[in-house]
Amino acid sequence: MPTSTAKTGAAIRLTGVTKHFAGSATAAVHPTDLAIEAGEIHGIIGFSGAGKSTLLRLVNLLERPDAGLVEVGDDELSALPPLALRAARRRIGMIFQQFNLLHNLSVAENVAFPLRIAGDSPASIKARVAECLDYVGLSAKAAAYPGQLSGGQKQRVAIARALAPNPGVLLADEPTSALDPRTTQSILDVLADINQRFGVTVLLVTHEMSVVRRLCHRVSVMDEGRIVEQIDLRTGFTAPRSELARWLFASGEASPAEATQPATVAAATSAPATAPANTSAAVPANAAARAIVVTPANAPFREVYHA
Ligand SMILES: Nc1ncnc2c1ncn2[C@@H]1O[C@H](COP(=O)(O)OP(=O)(O)OP(=O)(O)O)[C@@H](O)[C@H]1O
């Protein structure tokens, strides 16, 4: 299991990565550096459209950077040819907000899927699937289909599937945003346990400050394609410097559906400790659209294992 990049000592290191989608006026991710320590749970938080998911997807090259280096464990992913990239991705699990399970496969077949793609033997697949389903408490649902499961159970299956190849790194894109508060807590408990028990490094995108507070060791605050601040939550004392971070920490949430961005975030140099009162007009234009757009089911998952 990879725990550190050969050259840098970090589990994940992005150096000068940028991403500009065709047709967009501005870059989704401006030149960005990010180093995640081995064994760390690192959050990426910010408003809708800040570039959080794009940055996360650059880590396993679901999005190819226009420039910059992507290193995970001992691999410089951005320099790997396709076959080697596929092997390296086996060491990077990923879970998604909408779970991205394969609906025509049973729970056990879903968990087995990445192992089959990797060519593992039927006996070892069977044993590993049983182990992973037992770990997430869903052994009794092995023969069920995703449509027969609750949201929390679906996310547990997705976690079991991500864990099956024994990854050193787990990427989580809004893993609890579709879940109620109690189920959210149980999924966060699983993620914390994966980190503590197996030493898996977790990089997690969320718009929920409560998730950051409960789970993360450090958090990167993103605004308009840039990391504007990093905060270490292990110190017991957090004093956000940027206005956005202060606002997020004071308001508790940055939900695209509910929260509104302070109008002065980008421009201000000093700010109050709480959200400005007149924030209603400043929700990013794409917030609602981003909240309801459903991408073709399973597409990112298939991409991870087939690319
Ligand atoms: N495949 C794509 N093609 C074109 N533009 C994209 C694509 N994916 C993201 N973008 C744009 O890049 C910017 C950053 O998007 P991204 O999804 O990374 O933000 P985010 O912070 O994760 O937002 P949210 O919290 O709403 O998911 C946005 O302006 C978005 O519209």
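Along each chain, numbering runs from 1 in the same order as the chain's sequence is written. The model is predicted, so local features are restricted to residues of pLDDT at least 70 and side-chain atom pairs to those at 80 or more, both for listing and for counting; the totals for chains, interfaces and linings are taken over all residues.

- Taking an unreviewed UniProt entry as the reference, the protein chain is identified by name as Cell division ATP-binding protein FtsE belonging to Rhodocyclus tenuis.
- UniProt positions are given in the numbering used here, feature names are shortened, and annotations may be inferred rather than shown by experiment. Recorded under Function (unreviewed entry), the UniProt text for the protein chain is reproduced unchanged: "Part of the ABC transporter FtsEX involved in cellular division. Important for assembly or stability of the septal ring."

### Notes on the site of the ligand
So, step 1. Any residue whose C-beta atom, as set from the backbone, lies within 6 Å of a molecule or strand is reported as near that molecule or strand. The local shell around the ligand holds 15 residues, among which Phe21, Ala28, Ser48, Ser53 and Thr54 are the closest.
So, step 2. If one sorts the elements of the shell around the ligand by residue count, helix α1 (residues 52-59) sits on top with three residues.
So, step 3. Under the scheme applied here, ten amino acids are nonpolar (Ala, Val, Leu, Ile, Met, Phe, Trp, Tyr, Cys and Pro), four are charged (Asp, Glu, Lys and Arg), and all others, including Gly, are polar. The residue makeup of the shell around the ligand, split by class, is four nonpolar, nine polar and two charged. Each helix is a run of DSSP H or I of at least 4 residues and each strand a run of E of at least 2, with the numbering of both proceeding from the N terminus.

### Considering the nonpolar core
So, step 1. Put simply, a nonpolar core is a cluster of buried Ala, Val, Leu, Ile, Met, Phe, Trp, Tyr and Cys residues tied together by C-beta atoms within 7 Å. Using C-beta atoms placed from the backbone, we call a residue buried if 20 or more other C-beta atoms fall within 10 Å of its own, exposed if 12 or fewer do, and partly exposed for counts in between. Ranked by internal contacts, the top residues of the largest apolar core, which has 76 residues, are Ile12, Val111, Leu133, Ala160, Val169, Leu171 and Leu203.
So, step 2. The contact criterion used is a C-beta to C-beta distance within 7 Å, with each C-beta placed from the backbone. Contact partners of valine 169, with chain neighbours within four places excluded, come to Ala11, Ile12, Val72, Arg91, Ile92, Val200, Thr201 and Leu203.

### Quick look at the environment of glutamine 98
So, step 1. Relative to the helices and strands, glutamine 98 resides in the loop between β6 (92-96) and α3 (107-117).
So, step 2. The sequence separation of glutamine 98 and glutamate 174 amounts to 76 residues, and the corresponding C-alpha distance is 8.7 Å.

### So, the sheet that holds strand β2 (residues 29-37)
So, step 1. Being paired, for any two strands, means DSSP has found at least two bridges between them. Read from one edge of the open sheet, four strands run β2-β1-β4-β5, paired in antiparallel fashion. Single-partner strands in this sheet number two, and they are β2 and β5 (75-76).
So, step 2. Bridge count for strand β1 (residues 10-19) against β2 is six bridges, and the pairing is antiparallel. Among the inter-strand pairings, isoleucine 12 is bridged to a residue of β2, identified as isoleucine 36.
So, step 3. To obtain each axis, a line is fitted to C-alpha atoms, and for helices this fit is confined to the stretch in contact; angles are then taken between N-to-C directions over 0 to 180 degrees. Against the sheet, α1 makes contact with β1, β2 and β4 (67-72), and its axis sits at roughly 120° relative to β1, the strand it touches most.

### Brief notes about the pairing of strand β3 (residues 41-46)
Regular strands place their side chains on alternate faces of the sheet.
So, step 1. Buried residues dominate β3, accounting for six of its six residues.
So, step 2. Two strands pair when backbone bridges link them, and β3 and strand β8 (residues 201-206) are joined in this way by five bridges, in the parallel orientation. By the bridge assignment for β8, glycine 43 is matched with leucine 204.
So, step 3. Both β3 and strand β9 (residues 218-223) contribute to a ladder of five bridges, which runs parallel. Across the sheet, the residue bridging to isoleucine 44 is serine 220, located in β9.

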